[in-house]
Amino acid sequence: MTTRYTADAFARLAARASEPAWLTERREEALARFDALAWPTGQEEDWRHTDLRPLDIDAFDPVPAQHEPVAVLDAVPSAIKQAAIGRRGDRDGLAIQVDADVVHSRLRPALEEKGVVFAPLSQAAGSHPDLVQEALGRAGVSESDEKIAALTHAFFSGGTFLYVPRGVALELPVQSVRWITRAGLAVFPRVVIVADEGAEVTYIDHYGSADLAGPVLAAAGVEIYAQQGARVSYFALQDWAQTAWHFNVQRALIGRDATVRSLAATFGAKVSRSRVDCLLDGQGATSEMLGLYFGDHDQHIDNRSLQDHRAPYTTSDLYYKGALKGTSRSVYSGLVHIGKGAQKSDAQQANRNLLLSEGSTADPKPFLEIEANDVRCTHGVSVGRPDREVLFYMQSRGLDADEAERVFVKGFFQEVIDRVHVPETRATLEEAIEEELALEDVS
Amino acid sequence: MRVRVSRVDELEPGMATRVILDGTAVAVFNIEGSFYAIGDTCTHEEASLSDGFIDEDTVECPKHGAVFHIPTGEVRALPATRPEPVYRTRVEGNELFVEDHDG
């Protein structure tokens, strides 16, 4: 039993967010599940490469000091504002969460009139209980990550709920920023996105922090529901300070002819474990799952994925690429599951790793489980170093060795970046890669 | 730099007009007898705030509904997220002028 993670603790979070009783009951159920489940020991296949023994959750305070609302965007501290809007970031919705509190949340007024709902989760649970109740938790959780997810569901703070009504298409991205201000905190952001029939939305989720003097714990839970014909893009950019423990459990339930495109970009945290699952539930559902990570120093980056084809004529395409410096390590493990009824499905799964130092390692593991007999599945993983011939060629054209490697790495990532349809997100990724390349290599 | 806007009595309370100051479009407002000037082009997309809807001390862009606070240029409603620059207004006799911060 832990001492800090109690019903009293989340009661304080619930009280300050004025959440309805039914939501607090959900927290109670999650806490019971959390208490009943054991921590992974490292013996489980899903946790063999990520050691949780050094994680002492009691070292982190799940009820951080409260931050007051900020009425005007221009009054938000510049580093946080920069994370929220970048250089050119016009938005249809914007939510800024500082530690456990959403301090600024806005939706374009015209969208409110069309019935779009965008609010902190606890608030939406009060104002639109039917919408939130129907969605929350419906996508379920992968068994392997249930312990962490239960912790998030019990102690979530701030968080965001987005509902886009039938046929409404948002032109600009909706953005949330989760910002941690100091060491010793535990923050559990929760995002629920519901796109009704034919709705369209792009959601950018940015995790960032100041340089922190010590560790923090962040465990996010993301649920995406794309109803018939809806199109949802969800980009998660994780750029915590390198003292963070980061967990993410993301589930997308994709209906008939709906499309969900996701991006999991990992630059920060000391230990990052991200699970992205797509459940292709309706005929003709499509999922694109992109991943991009750049490890340095002793970062540990663990990506998990599930492409679960439950209906015929469903398509999934997973492409994760990562570069590793210093003694950083990447683990990728993904399952493509094609159910009995999922004939004519098409699944692709690829993970490419580029080792830029002697001390870095990558362990990719793809799995296929196919129960149907008329499908197309491809998978491929690789671990390699920059092609010496290409580097030599570039040097013969006048680039020095470092510059040649930088060009090579940028080219390596470009394939993923080119598939991101929001120009400013592409620019953000390119800048983050430049920053990583500029870091001194510590092997 | 400075540029003449109009005669003071030509810009009535609740109204706005547009002038060019050193190549930049500036929207000038009269709010209950006080004059304010901010960038005229919405920071979201090409649209003229001087054609917008004035509500007390805010102006709503006619194109996508972004709202700016006239005295400070701050964003008050999405989709815009960046503030408008603020310019000084000056009344000399019956003449209204706008100037940038270099005077």
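Residues numbered from 1 in each chain as written. Chains lettered and ligands numbered in written order. Predicted model: local features only at pLDDT ≥ 70, side-chain atom pairs only at ≥ 80, totals over all residues.

The next thing to look at is the overall build of chain A. Summing up its helical and strand segments, chain A has 10 helices and 20 strands in all. For 443 residues, the compact-globule formula gives about 22 Å, and the C-alpha radius of gyration of chain A, at 21 Å, lands near that figure. In terms of principal-axis extent, the alpha carbons of chain A reach across some 65 × 55 × 50 Å. Long-range contacts, defined as pairs at least 24 residues apart, comprise 83% of the intrachain contacts of chain A with a sequence gap of at least 6. (Helix = DSSP H or I, 4+ residues; strand = E, 2+ residues; numbered from the N terminus. Rg over C-alpha atoms; globule rule 2.2 N^0.38 Å. Contact = placed C-beta atoms within 7 Å.)

Attention shifts here to the overall build of chain B. When helices and strands are counted, chain B shows zero helices and 10 strands. Computed over its C-alpha atoms, the radius of gyration of chain B comes to 13 Å, within 12% of the 13 Å expected for a compact globule of 103 residues. For chain B, restricting intrachain contacts to residue pairs at least 6 apart in sequence, the fraction spanning at least 24 positions comes to 38%.

Residues and elements named next belong to chain A. Secondary-structure assignment places Phe161 in strand 4 (residues 160–164). Among the residues examined, Phe161 registers 26 C-beta atoms within 10 Å and is labelled buried. C-alpha separation for the pair Phe161 and Ala372, spaced 211 residues apart in sequence, amounts to 36 Å. In contact with Phe161, not counting residues within four places along its chain, are Val117, Ala119, Leu121, Ala124, Val132 and Val192. (Buried ≥ 20, exposed ≤ 12 C-beta atoms within 10 Å, placed from the backbone.)

What follows covers the sheet that holds strand 9 (residues 86–92) of chain B. All names here are of chain B. What the six strands build is an open sheet, ordered 1-10-9-4-3-2; its pairing is antiparallel. The open sheet has two edge strands, strand 1 (2–7) and strand 2 (16–21), and neither has a second partner. Between one strand axis and the next, the sheet turns through 30 degrees on average, direction left out of account. Strand direction decides the pairing type here: strand 4 (residues 34–39) and strand 9, joined by two bridges, are antiparallel. (Pairing = 2+ DSSP bridges. Axes fitted to C-alpha atoms, helices over the stretch in contact; angles between N-to-C directions.)

Listed per partner, the contact involves 10 residues of chain B and 16 residues of chain A. Along the lines of polarity and charge, the residues of the side of chain B that touches chain A split into six nonpolar, three polar and one charged. (Nonpolar A, V, L, I, M, F, W, Y, C, P; charged D, E, K, R; others polar.)

Residues and elements named next belong to chain A. All buried positions along helix 1 (residues 7–16) are accounted for by Ala9, Phe10 and Leu13. For helix 1, the buried positions fall inside an angular range of 85 degrees around the axis, keeping them on one side. The outward face of helix 1, more than 90 degrees from its buried face, is lined by the exposed residues Asp8 and Ala15. Those residues of helix 1 that are buried lie in contact with helix 2 (21–36) and helix 7 (146–155). Among the residues trailing helix 1, Ser18 stands out with phi positive, at a value near 50 degrees. (Arc of directions from axis to C-beta.)

The subject of this paragraph is the packing of helix 8 (residues 388–396) of chain A against helix 9 (residues 401–417) of chain A. All names here are of chain A. Direction vectors running N to C along helix 8 and helix 9 enclose 125 degrees, while the axes themselves pass 9 Å from each other. By the angle between their axes, helix 8 is oblique relative to helix 9. Classified by chirality, the crossing of helix 9 by helix 8 is right-handed. Together, Val390, Leu391, Met394 and Gln395 of helix 8 and Ala401, Ala404, Glu405, Val407 and Phe408 of helix 9 make up the contact between the two elements. The residue makeup of the contact of helix 8 with helix 9, split by class, is seven nonpolar, one polar and one charged. (Parallel < 35°, antiparallel > 145°, perpendicular 65-115°, else oblique. Left-handed = near helix turned anticlockwise from the far one by under 90°.)

Moving on to the packing of helix 9 of chain A against helix 10 (residues 423–438) of chain A. Each packed pair of helices is defined by two parameters, the angle between the axes and the distance between the axes. All names here are of chain A. At their nearest, the axes of helix 9 and helix 10 sit 11 Å apart, and the two run at 150 degrees to each other. In terms of axis orientation, helix 9 runs roughly antiparallel to helix 10. Of the two possible hands of crossing, helix 9 and helix 10 adopt the one that is right-handed. Judged by residue contacts, Arg406, Val409, Lys410, Phe413 and Ile417 of helix 9 engage Arg426, Leu429, Glu430, Ile433 and Leu437 from helix 10. When the residues that make up the contact of helix 9 with helix 10 are grouped by side-chain class, the tally is six nonpolar, no polar and four charged.

The next subject is the sheet that holds strand 7 (residues 67–69) of chain B. All names here are of chain B. Read across the sheet, four strands follow the order 5-6-7-8 without closing on themselves; strand pairing throughout is antiparallel. Either end of the sheet is taken by a strand with one partner, and the two such strands are strand 5 (53–55) and strand 8 (75–77). On average, adjacent strands in this sheet sit at an angle of 30 degrees to one another, irrespective of strand direction. For strand 7 and strand 8, the ladder comprises two bridges, and the chain directions are antiparallel. Note on strand 8: the bridge partner recorded for Phe68 is Val75.

A separate point is the nonpolar core. Residue and element names in this part refer to chain A. Ile96, Leu162, Ile193, Ala195, Ala218, Ala226 and Ile254 are the most contacted members of the largest nonpolar core, which has 157 residues in total. It is strand 9 (residues 216–226) that contributes the most residues to this core, nine residues altogether. Setting aside residues up to four positions removed in sequence, Ile96 forms contacts with Val76, Ile80, Ala84, Val102, Val103, His104 and Val177. (Core = buried A, V, L, I, M, F, W, Y, C linked by C-beta atoms within 7 Å.)

Residues and elements named next belong to chain A. Most of strand 13 (residues 271–280) sits inside the fold, with 10 of its 10 residues counted as buried. Across the two faces of strand 13 the burial is the same, with Val271, Arg273, Arg275, Asp277 and Leu279 and Ser272, Ser274, Val276, Cys278 and Leu280 all buried. In this structure, strand 11 (residues 244–254) lies alongside strand 13, joined through 10 bridges in parallel fashion. Across the sheet, the residue bridging to Leu253 is Leu279, located in strand 13. The pairing of strand 13 with strand 15 (residues 300–309) spans 10 bridges and is parallel. In the sheet register, Arg273 faces strand 15, and the bridge partner there is Asp302.

With that out of the way, let us pick up the confidence of the model for chain B. Mean pLDDT over chain B stands at 95; residues scoring 70 or higher make up 98%. For this predicted complex, the interface confidence reaches an ipTM of 0.83, while the overall pTM sits at 0.94. (pLDDT = per-residue confidence, 0-100.)

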